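Listed below, chain by chain, are the residues.
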Amino acid sequence: MKQVKFGSTNQDVSSVILGCMRINNAENPVEVLETAVENGINFFDHADIYGGGECESIFAKALKESSIRREELFIQTKCGIVPGKMFDFSKEHIIQSVEDSLTRLGLEQVEALLLHRPDTLVEPDEVAAAFDQLETQGKVKYFGVSNQSPMQIELLKKSVKQPLVANQLQFGIMHTGMIDQGIHVNMTDAGSVDHDGAILDYSRLHDMTIQAWSPYQYGFFEGVFIGSEKFPELNKKLEKLAAKYQTTPTGLASAWILRHPANMQVIAGTMNTGRIKEIAKAADIQISREDWYDIYMAAGNILP
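Chemist: Help me understand the overall build of the chain in this model?
Modeler: Scanning the chain from terminus to terminus reveals 11 helices and 14 strands. Computed over the C-alpha atoms, the radius of gyration of the chain is 19 Å, within 12% of the 19 Å expected from 2.2 N^0.38 for a compact globule of 304 residues. Projected onto its principal axes, the C-alpha positions of the chain cover 50 × 45 × 35 Å. For the chain, buried positions account for 55% of its 304 residues. Just so you have it, the chain exposes about 13900 Å², and 49% of that area is on carbon and sulfur atoms. For the chain, the distance from the average position of its 28 positive side-chain charges to the average position of its 40 negative side-chain charges is 4 Å.

Encoded structure:
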């Protein structure tokens, strides 16, 4: 499988991440993990809130029962969301969340920790103190953020000394906001509106890996666009080009993201082993420039 550099580090990781948010619904978690690893996926994404913490525990049990060696894996978790109440980037919350995640995962260290959604009450010095302690204690190797803008990242960097190497952002064929603005520069149409502070260009300039979440969804978690009757032109194009590249529409949607030169990863949240295989295989497909733009326009986008 295609490998990417994890941010500004020298660490190579799989371009496809298996997101573990739904592992509590998997019929056979062991088979899911082994299928992922057998197909070149070595990166697994968690968060303290997934399944109320249950997902991390299920992953730990499945890993223990599998034939996979811990050293083969790159494990990432996230913290900062207190569901239904608040976002919390306090030192106390970050450290306690990591301690709890490590306990559930049965690990002494996770490779990466991301701050999950921005906390408007953030004190960068507290985040820095938490990161320093976790790094010194050997509990976290790399740090990053999720769903944050360039200026929010810059605010953290005022105090945080560790490189912030990744940012989870929603991106896919039906979520193209971060590229639309760049295409529509110097225009006055809807596509020209900068909603996120040029986060795509910022990420490339600062060697941050963009991790594309919910890459097959449209709207605000309204559903999957692949095979949806709401998008006949897009699905016709995906089916035609999937045949050309000997993949599936889902595989092509993944390859479309990875074709961008911004050092992205795709987060696949499926627990279907067949789909894991097709997404993993498609990671090695190099879509032509013309076909990439054809898919972009079939999704309803225009070029000025």
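On we go from here.
Chemist: How should I be thinking about the packing of helix α1 (residues 29-38) against helix α2 (residues 54-65) in this particular structure?
Modeler: For any two helices packed against each other, the geometry comes down to the angle between their axes and how far apart the axes lie. For the pair α1 and α2, the least separation of the axes is 8 Å and the interaxial angle reads 70°. On the basis of their axis angle, the class for α1 and α2 is roughly perpendicular. Between α1 and α2, the residues in contact are Pro29, Val30 and Leu33 and Ile58, Phe59, Ala62, Leu63 and Glu65, respectively. Looking at the contact of α1 with α2 residue by residue, the class counts come to seven nonpolar, no polar and one charged.

Chemist: Even after reading the chapter, I still don't get the packing of α1 against helix α10 (residues 273-282), so can you show me in this structure?
Modeler: At a minimum axis separation of 9 Å, α1 and α10 run at an interaxial angle of 15°. When the axes of α1 and α10 are compared, the pair comes out roughly parallel. The handedness of the crossing between α1 and α10 is right-handed. Between α1 and α10, the contacting residues are Glu31, Val32, Thr35 and Ala36 on the first element and Thr273, Ile276 and Lys277 on the second. Grouping the amino acids of the contact of α1 with α10 by side-chain chemistry returns three nonpolar, two polar and two charged.

Chemist: Is there a simple way to think about the nonpolar core in this case?
Modeler: Burial of nonpolar side chains together is a common tendency in soluble globular proteins. Formed by 88 residues in total, the largest nonpolar core has its most connected members in Phe59, Ile94 and Trp256. For this core, the element with the most residues is helix α9 (residues 249-259), which contributes six residues. If we skip the residues at most four places from it in the chain, Phe59 touches Cys20, Ile23, Leu33, Phe44, His46, Leu73, Ile75 and Leu105. Counting 13 residues, the second-largest nonpolar core is a separate cluster that includes Phe74, Leu114, Val165 and Ile267.

Chemist: Just checking my understanding: could you explain α9 for this structure?
Modeler: Given 3.6 residues per helical turn, the α-helix brings residues three or four places apart onto the same face. The element α9 is extensively covered by neighbouring structure, given that nine of its 11 residues are classed as buried. Three or more residues of α9 are buried, namely Thr250, Gly251, Leu252, Ala253, Ser254, Ala255, Trp256, Ile257 and Leu258. Contacts from the buried residues of α9 go to α6 (177-183), β11 (209-213), α8 (232-244), β14 (264-268), α10 and α11 (289-298).

Chemist: Teacher, can you tell me more about the sheet that holds strand β8 (residues 110-116) here?
Modeler: By way of backbone hydrogen bonds, the strands of a sheet pair with one another, either parallel or antiparallel. Within the closed barrel, the eight strands sit side by side as β3-β4-β5-β8-β9-β10-β11-β14. Their pairing is parallel. Adjacent strand axes in the sheet meet at a mean angle of 30° when their direction is disregarded. With three bridges connecting them, β11 and β14 associate as parallel partners. Across the sheet, Gln211 pairs through a bridge with Gln265, a residue of β14. Strand contacts of helix α3 (residues 91-105): β5 (74-79), β8 and β9 (140-146), with the helix running at about 135° to β8, the strand carrying the most contacts.

Chemist: Help me understand the packing of aromatic side chains, please; the structure alone is not making it clear to me.
Modeler: Aromatic ring pairs are described here by two measures, namely the spacing of the ring centres and the angle between the planes. Under the defined criterion, the tally for this structure stands at 14 aromatic pairs. On the numbers, 5.9 Å between centres and 10° between planes, the contact of Trp292 with Tyr296 is stacked. Placement of both Trp292 and Tyr296 in helix α11 is noted, with a separation of four residues, approximately one turn of the helix. Grouping residues by exposure puts Trp292 and Tyr296 together as buried. An aromatic cluster is defined as three or more aromatic residues linked by ring pairs; in this entry it consists of Phe171, Trp256, Trp292, Tyr293 and Tyr296.

Parameters and conventions
Residues numbered from 1 in each chain as written. Predicted model: local features only at pLDDT ≥ 70, side-chain atom pairs only at ≥ 80, totals over all residues. Heavy atoms only, no water. Helix = DSSP H or I, 4+ residues; strand = E, 2+ residues; numbered from the N terminus. Rg over C-alpha atoms; globule rule 2.2 N^0.38 Å. Buried < 20%, exposed > 50% of the residue type's maximum accessible area, 1.4 Å probe, protein only. Areas by Shrake-Rupley, 256 points an atom, 1.4 Å probe, with all protein chains shown as cover. Lys, Arg positive; Asp, Glu negative; His and termini not counted. Charge placed at Lys NZ, Arg CZ, Asp CG, Glu CD. Axes fitted to C-alpha atoms, helices over the stretch in contact; angles between N-to-C directions. Parallel < 35°, antiparallel > 145°, perpendicular 65-115°, else oblique. Contact = heavy atoms within 4.5 Å. Nonpolar A, V, L, I, M, F, W, Y, C, P; charged D, E, K, R; others polar. Left-handed = near helix turned anticlockwise from the far one by under 90°. Core = buried A, V, L, I, M, F, W, Y, C linked by side-chain atoms within 4.5 Å. Pairing = 2+ DSSP bridges. Phe/Tyr/Trp six-rings, centres within 6.5 Å; stacked < 30°, edge-to-face > 60°.

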